[in-house]
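# Descriptive structure summary
In case you want the letters, here they are:
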Amino acid sequence: MNSNELFLEAYKELDKLCKEIYPDECSGVTSYINYMKNTVSEKKNFITGWDADLKQLIRLRHIRNQLSHDIGTLNSDLCSKEDANWLKQFKVRILNSSDPLSMLKKAEKNHTKRTMSSWTESSSKKSDRQKTNFFGFSKYISILLLLLVLFIFLLNLLTSVLNF
């Protein structure tokens, strides 16, 4: 097998895996790239190698598109065996959850757990007096009740003005 064939087979395997994990209208490697592109920069800065992986995926997708759509490209060496190996290694990284999107998901999950844990701890330390407002209602229900009373008052005032 020449390097173009090795590359295309490796790309198809990665594309199939991405289609299974990231179903989208684009689907496959393009979906993976789009998810990476649409990630907020503050989040992706926490993932080592994010930009390098994104650039490499875009470059390799471009090669795949040339091989698939441009005439005469299969006879020339547009890619190397290293490109095919990179695709295979990236597929393994996805399967091992060490790819950028998996690492981001883990980081977000850990952040959410820490946030929820600290919120739960701080809220459990509050006294019952702090949790409730007048008449024993939570502050949100108390606000809603006050708004309702104000609305009824204004409605009565408007009715009495219109009766004159």
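I will try to describe carefully the structure that is included in this document. Fair warning: this is a prediction, and the values are worked out from it, not measured in the lab. Residue numbers run consecutively from 1 along every chain, following the written order of its sequence. Owing to the predicted nature of the model, reporting of local features is limited to residues with pLDDT of at least 70; listing and counting of side-chain atom pairs is limited to 80 or more, with chain, interface and lining totals taken over all residues. Heavy atoms from the whole structure form the basis of all side-chain values; hydrogens and water molecules are not counted.

## Overview of the packing of aromatic side chains
How two aromatic rings sit relative to each other is set out by the distance from centre to centre and by the angle between their planes. The rule is short: rings of Phe, Tyr and Trp, with Trp giving its six-membered ring, pair when the centres are within 6.5 Å, and they are stacked under 30 degrees, edge-to-face over 60, tilted in between. Applying the stated criterion to the full structure yields 5 aromatic pairs. Aromatic pair Tyr-22 and Tyr-32: ring centres 5.3 Å apart, planes at 85°, arrangement edge-to-face. On the criterion of sequence distance, the pair formed by Tyr-22 in the loop between α1 (3-21) and α2 (29-37) and Tyr-32 in helix α2 is long-range, its members being 10 residues apart. Tyr-32 carries the same exposure label as Tyr-22, and that label is buried. Between buried and exposed lies partly exposed: a residue is buried under 20% and exposed over 50% of the maximum accessible area for its type, with that area taken using a 1.4 Å probe on protein chains only. Since its relative accessible area comes to 14%, Tyr-22 is described here as buried. Where helices and strands are cited, they refer to DSSP runs of H or I of at least four residues and of E of at least two residues respectively, numbered from the N terminus.

## A word on the nonpolar core
Think of a nonpolar core as a cluster: buried Ala, Val, Leu, Ile, Met, Phe, Trp, Tyr and Cys residues, connected wherever their side-chain atoms sit within 4.5 Å. With 27 residues, the main nonpolar core has Phe-7, Leu-14, Tyr-32, Leu-57 and Leu-87 as its most contacted residues. Secondary-structure elements contributing two or more residues to this core are α1, α2, α4 (50-69), α5 (81-95) and α6 (100-124). Residue contributions to this core peak at 7 residues, all from α1.

## A few points about the pattern of salt bridges
Within this document, salt bridges are pairs made up of a side-chain nitrogen of Lys or Arg and a carboxyl oxygen of Asp or Glu, the two lying within 4 Å of each other. A complete count under the given rule lists 7 salt bridges for this structure. Between Lys-91 and Glu-13 there is a salt bridge, and its shortest N-O distance comes to 3.5 Å. Taken as a pair, Lys-91 in helix α5 and Glu-13 in helix α1 lie far apart in primary sequence, 78 residues in all. Given a relative accessible area of 24%, Lys-91 falls into the partly exposed group. Judged by relative accessible area, which is 37%, Glu-13 ranks as partly exposed. For Lys-19, the salt bridge is made with Asp-15, and the minimal N-O distance between the two is 3.4 Å. Of this pair, Lys-19 and Asp-15 both sit in helix α1, 4 residues apart, roughly one helical turn. For Asp-15, a relative accessible area of 16% gives the class buried.

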